[in-house]
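Summary of structural features
Read off the chains here:
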There are 2 protein chains.
Amino acid sequence: MRLAELSERSGVSAAMIKYYLRQGMLAPGRKVGATTADYDESHLRRLRLVRALIEVGGLTVARAKEVIGYVDDDSLDRTIRLGAALWALPHGPDPDDGDASVAVARVEVDRLLDALGWTTARELGELSPDHRALIVAVATLHRLGYSWDAEFMAPYAELMHRAAVRDLDFVETHPSEEEKVEVAVAATVLFDPVLRALHRLAQQEESARRYGL
Amino acid sequence: MRLAELSERSGVSAAMIKYYLRQGMLAPGRKVGATTADYDESHLRRLRLVRALIEVGGLTVARAKEVIGYVDDDSLDRTIRLGAALWALPHGPDPDDGDASVAVARVEVDRLLDALGWTTARELGELSPDHRALIVAVATLHRLGYSWDAEFMAPYAELMHRAAVRDLDFVETHPSEEEKVEVAVAATVLFDPVLRALHRLAQQEESARRYGL
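Per an unreviewed UniProt entry, chain A goes by the name HTH merR-type domain-containing protein and belongs to Streptomyces hundungensis.

Spelled out as structure tokens, the structure:
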């Protein structure tokens, strides 16, 4: 397809597409003349990923470029590419070591991961920004008087693990290696708002079932 | 306890506590002298809720005051108080009726709720801000080329319903009616960051199990 059609189908303006091409966030099209190039489904997919990162994930263009850089780095194997891309997403503040609630949260998170048998998470520890984000979230709860311990959180973690199994099953329905990495990154950003909305709607539904409307 | 201890235990400065008292977001303490008052656990709990709304939920003080107003309105029964308070939380933009993806999302969300048998959610429809938020999230996915239909989302919705059952079981461990409403509002704001962190950590764990680290 030509640039005009790529713009129409992706919802990204021609000017922005040219910008992403210059930034190396989108591969050049196949040259079919002095001034025209041909684009395919891979370009469309890439533009959707960029829009997901910026519009839903709230990333800056510079940060999106960094994430895309890892997605495209095929000198790395899939796990590393995917991990690097996901770890480059914004994750909020790091745990504050001077905070007593952080110390409590660290203990409970470690106990939780042990109880769950999440050995990779346990091994990577705070190298992982998601691990740090969990400590920050649990420390905040603790500081606000909600002392959720490993036993309280374990059933929630099991539910989230079932969701993650589905996420990866979905990623695997995509044929090429490149698509798998792209879809995994997009899904991480795009699933959050859907799950949050489903969770609140489920709370409302369950509340109505128990107490009437 | 006196104001100084309330400040110390809640982590809220004495000046802010006085401000919340003036705003009616915190009930006056029991007078024990011309210039001193005595505060109890209910004051502490209330300050924690206010902090949760502002610090974790990102609400403005004005918006937090509105939410608290519903929590305190005991002319309403619990379901209505709780519903009003939760609906007053920020929910992002409303669906854009001119958007073709919104029309598709509406159909899929209705089909999803029918399949799940979530009759209250179906009946309230877009009166509920959570329902509107779900339509917006699904429409965004659709626009970005991820056409998640009712069948794809149903297992995620079931998982979120199980989480909601646990949420409400937790709320019910609190003895008084007032506490139940307060804790339910706090939990809605506070659970999101924990679930999001658990979800990402679970994705990482599952990915390592399938493809190695």
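**With respect to the packing of aromatic side chains**
Evaluated as defined, the whole model comprises 14 aromatic pairs over all chains. By the ring-pair criterion, three or more aromatic residues cluster together here, those being Trp 148, Phe 152 and Tyr 156 of chain A together with Phe 170 and Phe 191 of chain B.

**Brief notes about the interface of chain B and chain A**
How big an interface is tends to be reported as the loss of accessible area on association of its parts. Contact with chain B, which involves 79 residues of that partner, is made by 79 residues of chain A. With both sides pooled, the region where chain B packs onto chain A buries about 8,000 Å², and carbon together with sulfur makes up 66% of that total. Three residues stand out in chain B for area buried against chain A, namely Leu 144, Tyr 156 and Arg 200 of chain B, and they jointly supply 9% of the buried area on that side. The tally of links between chain B and chain A comes to six salt bridges. A salt bridge links Glu 172 of chain A to Arg 210 of chain B; its shortest N-O distance comes to 3.2 Å. Our count for the contact surface shared by chain B and chain A stands at 32 residue pairs in polar contact (both at pLDDT 80 or more). Contributions of two or more residues to the side of chain B that touches chain A are made by α3 (41-56), α5 (78-87), α6 (100-116), α7 (119-124), α8 (129-143), α9 (150-172) and α10 (177-211) of chain B. It is α10 of chain B that contributes the most residues to the side of chain B that touches chain A, 25 residues altogether. Classifying every residue of the side of chain B that touches chain A gives 45 nonpolar, 16 polar and 18 charged.

**A look at the nonpolar core**
Counting 139 residues, the largest nonpolar core has Leu 53 of chain A together with Leu 53 of chain B as its most contacted members. Once residues within four sequence positions are removed from consideration, Leu 53 of chain B is found in contact with Gly 58, Leu 59, Ala 64, Val 67, Ile 68, Leu 89, Val 185 and Val 189 of chain B.

**Some thoughts on the pattern of salt bridges**
Applying the stated criterion to the full structure yields 44 salt bridges over all chains. Residue Arg 209 of chain A pairs with Glu 205 of chain A through a salt bridge whose shortest N-O separation is 3.6 Å. With Arg 209 of chain A and Glu 205 of chain A both in helix α10 (residues 177-211), this residue pair falls four residues apart, about one helical turn. When its relative accessible area of 1% is taken as the criterion, Glu 205 of chain A is described as buried. With its nearest N and O atoms 3.9 Å apart, the salt bridge here joins Asp 38 of chain B to Arg 2 of chain B. One end of the pair, Asp 38 of chain B, is in strand β2 (residues 37-38); the other, Arg 2 of chain B, is in the segment before α1 (3-10), with 36 residues separating them in the sequence. Assessed through its relative accessible area of 45%, Arg 2 of chain B is described here as partly exposed. Overlapping salt bridges bring together Arg 45, Arg 46, Asp 72, Glu 179 and Glu 182 of chain A as one network.

Cut-offs used in this document
Residues numbered from 1 in each chain as written. Chains lettered and ligands numbered in written order. Predicted model: local features only at pLDDT ≥ 70, side-chain atom pairs only at ≥ 80, totals over all residues. Heavy atoms only, no water. Phe/Tyr/Trp six-rings, centres within 6.5 Å; stacked < 30°, edge-to-face > 60°. Contact = heavy atoms within 4.5 Å. Buried area = accessible area lost by both parts, 1.4 Å probe. Salt bridge = Lys/Arg side-chain N within 4 Å of Asp/Glu carboxyl O. Polar contact = N/O pair within 3.5 Å; in protein donor to acceptor, adjacent residues only side chain to side chain. Helix = DSSP H or I, 4+ residues; strand = E, 2+ residues; numbered from the N terminus. Nonpolar A, V, L, I, M, F, W, Y, C, P; charged D, E, K, R; others polar. Core = buried A, V, L, I, M, F, W, Y, C linked by side-chain atoms within 4.5 Å. Buried < 20%, exposed > 50% of the residue type's maximum accessible area, 1.4 Å probe, protein only.

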